[in-house]
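The residues making up each chain are set out below.
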Amino acid sequence: MLTETMTAAEVLKMYRDDVNKLAGYLDWLESKSGKTVSSVYSGDGLAEHSVAFPVYEGTLMSFIKDVDKTVFIDRNYRYVYTRNRLKNHEDELRFIDNATILQMDQLAGIMSNYVIGGRTRGRMWSEGMDAGIFYHIVKKSKELVDFWTNAEVATK
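Residues numbered from 1 in each chain as written. Predicted model: local features only at pLDDT ≥ 70, side-chain atom pairs only at ≥ 80, totals over all residues. Heavy atoms only, no water.

In this section: the overall build of the protein. Within the protein, the regular secondary structure consists of 9 helices and 2 strands. Out of the 156 residues in the protein, the part that is buried amounts to 43%. Restricting the contact set of the protein to residue pairs at least 6 apart, pairs at least 24 apart contribute 72%. With an accessible surface of roughly 8,600 Å², the protein has 52% of that area assigned to carbon and sulfur atoms. (Helix = DSSP H or I, 4+ residues; strand = E, 2+ residues; numbered from the N terminus. Buried < 20%, exposed > 50% of the residue type's maximum accessible area, 1.4 Å probe, protein only. Contact = heavy atoms within 4.5 Å. Areas by Shrake-Rupley, 256 points an atom, 1.4 Å probe, with all protein chains shown as cover.)

Running from N to C, helix α1 (residues 8-23) and helix α7 (residues 104-120) point in directions that differ by 40°, and their axes come no closer than 11 Å. In contact with Val-11, Tyr-15 and Val-19 of α1, α7 contributes Met-104, Asp-105 and Ala-108. The class makeup of the residues in the contact of α1 with α7 is 5 nonpolar, no polar and 1 charged. (Axes fitted to C-alpha atoms, helices over the stretch in contact; angles between N-to-C directions. Nonpolar A, V, L, I, M, F, W, Y, C, P; charged D, E, K, R; others polar.)

You can see Val-37 is positioned in the loop between α2 (26-32) and β1 (38-41). On the basis of relative accessible area, Val-37 is assigned to the buried category, the value being 2%.

With that out of the way, let us pick up the pattern of salt bridges. Across all of its chains, the model carries 6 salt bridges by this definition. Notably, a salt bridge pairs Arg-94 with Asp-91, separated by 2.9 Å at the nearest N-O pair. Linking Arg-94 with Asp-91, this pair stays in helix α6 (residues 89-98), spanning 3 residues, or about one helical turn. (Salt bridge = Lys/Arg side-chain N within 4 Å of Asp/Glu carboxyl O.)

This next bit is on α1. Over its 16 residues, α1 runs only 20 Å from end to end, short of the ideal 22 Å by more than 12%, given 1.5 Å per residue. Where α1 bends most, the angle comes to about 45°, and this point is Tyr-15. All of the buried residues along α1 are Ala-8, Val-11, Leu-12, Tyr-15, Asp-18, Val-19, Leu-22 and Ala-23. (Expected span 1.5 Å × (residues − 1). Bend = angle between axes of the 7 residues up to and from the residue.)

With that out of the way, let us pick up the nonpolar core. Counting 47 residues, the largest nonpolar core has Leu-60, Phe-63, Phe-72, Met-104, Ile-110 and Phe-134 as its most contacted members. Counting residues per element, the ones that place at least two in this core are α1, α2, α4 (58-68), α5 (78-83), α6, α7, α8 (123-130) and α9 (133-155). The element that contributes the greatest number of residues to this core is α7, accounting for 8 residues. Each residue touching Phe-72, except ones within four places of it in the same chain, is listed here: Tyr-15, Asp-18, Val-19, Leu-22, Val-67, Met-104, Ala-108, Met-111, Ser-112, Ile-137 and Ser-141. (Core = buried A, V, L, I, M, F, W, Y, C linked by side-chain atoms within 4.5 Å.)

Encoded structure:
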(Lines give C-alpha, C1' and ligand atoms only; values in the text may rest on other atoms or scores of the structure.)
Protein backbone atom coordinates (compact mmCIF):
# COMPACT_ATOMS: atom_id res chain seq x y z
CA MET A 1 0.00 0.00 0.00
CA LEU A 2 1.34 3.44 -0.88
CA THR A 3 1.77 5.27 2.38
CA GLU A 4 2.65 8.46 0.49
CA THR A 5 -1.07 8.94 -0.18
CA MET A 6 -1.98 8.49 3.48
CA THR A 7 -1.81 10.89 6.40
CA ALA A 8 0.89 10.51 9.03
CA ALA A 9 -1.78 9.43 11.54
CA GLU A 10 -2.99 6.66 9.20
CA VAL A 11 0.55 5.40 8.62
CA LEU A 12 1.22 5.51 12.35
CA LYS A 13 -1.90 3.48 13.07
CA MET A 14 -0.94 0.93 10.41
CA TYR A 15 2.69 0.42 11.49
CA ARG A 16 2.90 1.25 15.22
CA ASP A 17 2.24 -2.20 16.70
CA ASP A 18 4.52 -4.02 14.27
CA VAL A 19 7.34 -1.51 14.73
CA ASN A 20 7.09 -1.84 18.50
CA LYS A 21 7.22 -5.64 18.19
CA LEU A 22 10.34 -5.50 16.00
CA ALA A 23 11.96 -2.85 18.23
CA GLY A 24 12.45 -5.60 20.80
CA TYR A 25 15.26 -6.86 18.55
CA LEU A 26 17.07 -3.49 18.31
CA ASP A 27 19.78 -4.24 20.90
CA TRP A 28 20.50 -7.62 19.34
CA LEU A 29 20.47 -6.20 15.79
CA GLU A 30 22.86 -3.44 16.82
CA SER A 31 25.26 -5.85 18.51
CA LYS A 32 25.26 -8.27 15.56
CA SER A 33 25.24 -5.81 12.63
CA GLY A 34 28.35 -6.34 10.56
CA LYS A 35 29.09 -9.67 12.24
CA THR A 36 28.61 -13.24 11.09
CA VAL A 37 25.25 -14.68 12.13
CA SER A 38 25.46 -17.91 10.15
CA SER A 39 27.78 -20.80 9.56
CA VAL A 40 27.91 -23.57 7.02
CA TYR A 41 26.98 -26.99 8.33
CA SER A 42 29.48 -29.58 7.18
CA GLY A 43 29.31 -32.33 9.80
CA ASP A 44 29.84 -36.04 9.19
CA GLY A 45 31.35 -35.76 5.72
CA LEU A 46 28.41 -33.80 4.34
CA ALA A 47 30.63 -31.82 1.98
CA GLU A 48 31.68 -34.98 0.15
CA HIS A 49 28.17 -36.20 -0.64
CA SER A 50 25.87 -33.21 -0.56
CA VAL A 51 25.47 -29.48 -0.84
CA ALA A 52 26.43 -27.54 2.27
CA PHE A 53 23.74 -25.30 3.74
CA PRO A 54 23.81 -22.31 6.08
CA VAL A 55 22.84 -22.52 9.74
CA TYR A 56 21.56 -19.25 11.25
CA GLU A 57 21.51 -17.98 14.82
CA GLY A 58 18.21 -18.65 16.56
CA THR A 59 17.55 -14.96 17.25
CA LEU A 60 17.92 -14.13 13.56
CA MET A 61 15.41 -16.84 12.71
CA SER A 62 12.99 -15.48 15.33
CA PHE A 63 13.41 -11.99 13.90
CA ILE A 64 12.72 -13.24 10.35
CA LYS A 65 9.60 -15.11 11.52
CA ASP A 66 8.33 -12.02 13.36
CA VAL A 67 8.95 -9.76 10.35
CA ASP A 68 7.07 -12.29 8.23
CA LYS A 69 3.94 -11.66 10.34
CA THR A 70 4.01 -7.86 9.96
CA VAL A 71 3.01 -5.20 7.45
CA PHE A 72 6.70 -4.98 6.55
CA ILE A 73 6.26 -7.83 4.07
CA ASP A 74 5.49 -6.51 0.61
CA ARG A 75 5.55 -8.92 -2.31
CA ASN A 76 5.99 -5.98 -4.72
CA TYR A 77 9.24 -4.88 -3.10
CA ARG A 78 11.10 -4.70 -6.41
CA TYR A 79 9.19 -1.52 -7.29
CA VAL A 80 10.83 0.26 -4.36
CA TYR A 81 14.23 -0.47 -5.89
CA THR A 82 13.34 0.70 -9.39
CA ARG A 83 11.35 3.76 -8.24
CA ASN A 84 14.15 4.98 -5.97
CA ARG A 85 17.06 3.74 -8.10
CA LEU A 86 18.51 1.65 -5.27
CA LYS A 87 21.44 -0.37 -6.57
CA ASN A 88 23.60 -1.25 -3.57
CA HIS A 89 23.82 -1.20 0.23
CA GLU A 90 25.00 2.41 0.30
CA ASP A 91 21.93 3.51 -1.67
CA GLU A 92 19.67 1.52 0.65
CA LEU A 93 21.24 2.93 3.81
CA ARG A 94 21.12 6.50 2.48
CA PHE A 95 17.45 6.06 1.61
CA ILE A 96 16.67 4.55 5.03
CA ASP A 97 18.39 7.41 6.86
CA ASN A 98 16.42 10.04 4.91
CA ALA A 99 13.02 8.30 5.02
CA THR A 100 9.93 9.97 6.44
CA ILE A 101 6.81 8.50 8.02
CA LEU A 102 5.12 8.64 4.60
CA GLN A 103 7.80 6.33 3.21
CA MET A 104 7.24 3.47 5.64
CA ASP A 105 6.00 1.27 2.80
CA GLN A 106 9.31 1.80 1.03
CA LEU A 107 11.24 0.83 4.16
CA ALA A 108 9.01 -2.26 4.19
CA GLY A 109 10.00 -2.91 0.57
CA ILE A 110 13.69 -2.89 1.43
CA MET A 111 13.06 -5.18 4.42
CA SER A 112 11.01 -7.49 2.18
CA ASN A 113 13.85 -7.75 -0.32
CA TYR A 114 16.02 -9.38 2.33
CA VAL A 115 13.36 -11.40 4.18
CA ILE A 116 11.59 -12.78 1.11
CA GLY A 117 14.85 -13.09 -0.86
CA GLY A 118 16.38 -15.09 2.00
CA ARG A 119 13.80 -17.82 1.52
CA THR A 120 15.38 -18.84 -1.78
CA ARG A 121 18.87 -17.30 -1.55
CA GLY A 122 20.31 -18.16 1.83
CA ARG A 123 22.91 -15.41 1.68
CA MET A 124 20.27 -12.62 1.80
CA TRP A 125 19.55 -12.87 5.54
CA SER A 126 23.27 -12.76 6.35
CA GLU A 127 23.71 -9.90 3.90
CA GLY A 128 20.93 -7.94 5.61
CA MET A 129 22.78 -8.35 8.90
CA ASP A 130 26.28 -7.74 7.52
CA ALA A 131 25.27 -4.48 5.86
CA GLY A 132 23.19 -3.39 8.86
CA ILE A 133 20.03 -3.13 6.76
CA PHE A 134 17.78 -4.86 9.31
CA TYR A 135 19.11 -2.71 12.15
CA HIS A 136 18.78 0.57 10.26
CA ILE A 137 15.22 -0.14 9.11
CA VAL A 138 14.00 -1.11 12.58
CA LYS A 139 15.84 1.82 14.20
CA LYS A 140 14.52 4.37 11.69
CA SER A 141 10.99 2.96 11.88
CA LYS A 142 11.09 3.16 15.68
CA GLU A 143 12.36 6.77 15.55
CA LEU A 144 9.57 7.76 13.15
CA VAL A 145 6.84 6.02 15.14
CA ASP A 146 8.07 7.52 18.42
CA PHE A 147 8.28 11.01 16.94
CA TRP A 148 4.80 10.89 15.45
CA THR A 149 3.32 9.24 18.54
CA ASN A 150 4.69 12.09 20.66
CA ALA A 151 3.45 14.65 18.11
CA GLU A 152 0.01 13.03 18.19
CA VAL A 153 -0.09 13.15 21.99
CA ALA A 154 1.07 16.79 22.02
CA THR A 155 -1.75 17.89 19.72
CA LYS A 156 -4.46 16.33 21.89
